[in-house]
Every structure is written in structure tokens, then in C-alpha cells.
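Descriptive analysis of the structure
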Amino acid sequence: MLENKNQERTSLEQLGEFGLIDHLTKDFPINLKSTIKGIGDDAAVLNFEDTRTVVTNDLLIEGVHFDLSYMPLKHLGYKSVVVNLSDVYAMNAKASQILVSIAVSNRFPLEALEEFYEGIALACNFYNVDLAGGDTTSSTKGMLISVTAIGEAKEGNIVYRNGAKPNDLLVVTGDLGGAYMGLQVLEREKEVFKVNPNSQPDLEPYSYIVERQLKPEARKDMIELLENLQVMPTAMIDISDGLSSEILHLCKQSQVGCKLFENKIPLDPTVISACEEFKMDSTLVALSGGEDYELLFTIDQKDFDKIKGNPNLTIIGHMTDESLGAHLITRGENQIPLTAQGWNSFSG
């Protein structure tokens, strides 16, 4: 994909660092009133007036977090933004600006980086955030991406991980396991391609889960939904490392226990069928797969009527006293301690 010999290739040396930044960011407008000064000076200048500022950062490394043999650079640019915005929304805040820094080797022509920044521009437009700065530098091999996301919220609206109480309901948005199973499909097709470069994979049956891996979405819409429903979560986190890991984070920070019910975990039919094909347990995939970027939060039981029946939200359990620990209640009503890897390993 990256080594298409028919594509025009412009060496990054021709532009230099500042010329490269100017070229890649020239079409990024400033849309938000909170962005006083964006790209073009030593630092961005932001004004949030009487709100609190939230800041988060993620580092993505080629060969560790993404594989360019099947990850299009445009998708990578989009995903790099989304994974950071998800952390802002997990604070119940509104995302407003991003800073993007990249390091690339000389195997990347200008056209490749233009494609990457096209994806960034799409995400900025869709989520209404401004690109306010960043940096470019060289790498001895591969690509490294660092994205900082900035957001704002009124002090009383920020939701931390430490506010859950015993008897609070545990709620998740969307469905789980799709991104991990999409990765399994892509990795399998990569191995097939190595053996037979002329093979053309049919990814249509897997389109939903492949998109969950290559082009995830942050749940800005759920923050707006909760506001409209007048539901204030007591604790919240995004699901980037798997459901069980994130539940344990909430339990530790809030000093509570949890009962998670296996039969309540939301799974898309595509995930279930892919798990059967790959001979994987769908519950394990949901518990340990990661990269779903859904929101996991707790609410007071008095808010139950406000969310019950909502197709975007699923109550999957409730919090308990810390002394009771965190457990998965299986379909057979067995109680199994939750661990950060789920209640078993994928190789078991």
C-alpha cells in the first residue's frame, strides 16, 4: 500500500520541517471561539473563560499500535484523533482542540503524510475540534504519532473514575468485542497475502468489525444523550483496554466491588459469528479485547427509568461493597473473579 511505485513521491527533505508543517496544516481552519491562536506561533493560545480544562495524550507507534500493511494512512489519521477524543468524552467534557506530532522515516513521501492529515482533517470536522499545533521530526525507522486532546467542561459536570457507590448501576454504550475481532480478520488476511500476494480478500461479511478496528468512533453522541436525559454519571471511563480492565479501574478508584452479568454484555451478531469462526469465546473477547472506545459508566439507581429501554445503553451490572470484590456472574450463575485479562486467557 505504502510502496505503490505508481504514486508520485515527494521527498520530505525538499520541504524541511517548517515547510512540511506549513504544507500539511495550511487547510485547517480555526472554528472555535476558544482557539485564540492556533498553528503559526511558538504556542497555541486558548481561552476557556470560566470552564475547567481537561487534557489527555496518547502515543501510537508503528508495529506496536498499528500495522500499515492493512491500516490506510487516512484511517490512521482519523483513528489517532478519535482515541484521544474518547478520553475527553470519558470525563464528560467537550473536546475542542488537538495537537498532533509525528516522527517519520525517509520511507514516507510527502503524499503519504498528506493522506494521514486528510484523516485528521475529517476527524476535526466531524467532531468539531481545531488542530491548534504540533511538531514533525525524523525517525530512524517507522512512524510515531503523539496526539494531545484538549477539552472543557463546567466544574460540576466533570466525571471522574472515583465517584461510583455501592448499588450504582453499571452501564455501557454500544456493543463490545468488534474491534478485536476486526483485528483478527485483518491479521489473518495479512498472513494469506504473504503466502499468495495475488489473493483478494473478501471483507464484506466482516465490514462492521473491520471498521470498528480501522475507523472507530468516539462517543460524543452519548455525552449529548446523557445531558438530554438529565443523567449525570457518578463515574466514567472509556473502554480502550477491554471491559474487565476498565471495570477494575473504576472499582479501584471508587473503592467499590462489582457484579457484571455475562448475559447482559452487548455483542453484535457479527462479533458472535466471527468468534465462532475463530473458535474464540465471545465473552472473553468482550472482556479483554479492547479498542472498542465505548463509554463505561455508573449511575444512581434513581436514574434507571431515564435510561431503561434506550437502544444506545445497556445495564450490565451493579456496584457492590468493596469487600465483596469484582465478579463476573456467568450464564450458569457461577461467580468468577474479574481479572485485567478477563476471567481466563485467550490461549487457555
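Everything below is about the structure printed above this text.
Here goes a summary of the coordinates provided.

What counts, and where the lines are drawn
Residues numbered from 1 in each chain as written. Predicted model: local features only at pLDDT ≥ 70, side-chain atom pairs only at ≥ 80, totals over all residues. Heavy atoms only, no water. Helix = DSSP H or I, 4+ residues; strand = E, 2+ residues; numbered from the N terminus. Rg over C-alpha atoms; globule rule 2.2 N^0.38 Å. Buried < 20%, exposed > 50% of the residue type's maximum accessible area, 1.4 Å probe, protein only. Contact = heavy atoms within 4.5 Å. Areas by Shrake-Rupley, 256 points an atom, 1.4 Å probe, with all protein chains shown as cover. Salt bridge = Lys/Arg side-chain N within 4 Å of Asp/Glu carboxyl O. Expected span 1.5 Å × (residues − 1). Polar contact = N/O pair within 3.5 Å; in protein donor to acceptor, adjacent residues only side chain to side chain. Pairing = 2+ DSSP bridges. Axes fitted to C-alpha atoms, helices over the stretch in contact; angles between N-to-C directions.

**A closer look at the overall build of the chain**
A count of helical and extended segments in the chain gives ten helices and 14 strands. Rg of the C-alpha trace for the chain: 21 Å, near the compact-globule value of 20 Å for 348 residues, within the 12% margin. Taking the principal axes of the C-alpha coordinates as reference, the chain spans close to 65 × 60 × 30 Å. Going through the 348 residues of the chain one by one, you find that 51% of them count as buried. Pairs at least 24 apart in sequence give 86% of the contacts found in the chain among residues at least 6 apart. Here the chain displays about 17,000 Å² of accessible surface, and carbon together with sulfur accounts for 48% of that area.

**Here's the deal with the pattern of salt bridges**
Throughout the structure, instances matching the rule amount to 19 salt bridges. Measuring nitrogen to oxygen at the nearest pair gives 2.8 Å for the salt bridge that ties Glu294 to Arg219. Taken together, the residues Glu294 in the loop between α9 (282-288) and β10 (295-299) and Arg219 in the loop between α5 (207-214) and α6 (220-229) connect sequence positions 75 residues apart. Residue Asp303 is joined to Lys306 by a salt bridge in which the shortest nitrogen-to-oxygen separation is 3.2 Å. Overall, Asp303 belongs to the buried group, its relative accessible area being 3%. Connected via shared salt-bridge partners are Asp175, Arg212, Arg219, Asp221, Asp292 and Glu294.

**Focus on helix α4 (residues 178-195)**
The end-to-end C-alpha separation of α4 is 26 Å, in line with the 26 Å expected for 18 residues at 1.5 Å each. Among the residues of α4, those classed as buried are Gly178, Ala179, Tyr180, Met181, Gly182, Gln184, Val185, Leu186 and Glu189. Its buried side turned inward, α4 meets α5, α8 (269-277) and α9.

**Description of helix α7 (residues 243-254)**
Taking 1.5 Å of rise per residue, the twelve residues of α7 would be expected to cover 16 Å, and the 16 Å separating its terminal C-alpha atoms lies within 8% of that figure. Residues of α7 that are buried include every one of Leu243, Ser244, Ser245, Glu246, Ile247, Leu250, Cys251 and Ser254, and no others.

**As for the side chain of Arg212**
With respect to the secondary-structure elements, Arg212 resides in helix α5. Of note is the side chain of Arg212, whose polar atom sits 2.8 Å from the backbone oxygen of Asp175. Residues in contact with Arg212, not counting those within four places in the same chain, are Asp175, Gly178, Ala179, Glu291, Asp292 and Glu294.

**Re the sheet that holds strand β7 (residues 169-173)**
Pairing in this open sheet of seven strands is mixed, and the strands run β8-β10-β7-β11-β9-β12-β13 from one edge to the other. Each end of this open sheet is capped by a strand with a single partner; those strands are β8 (235-238) and β13 (335-337). The sheet shows a mean angle of 25° between the axes of neighbouring strands, taken without regard to direction. One ladder, built from four bridges, connects β8 with β10; its direction is antiparallel. In the strand pairing of β10, Ile237 is matched with Leu296. Each of β7, β8, β9 (256-261), β10, β11 (313-321) and β12 (326-329) touches α7; the most contacted strand, β9, lies at about 155° to it.

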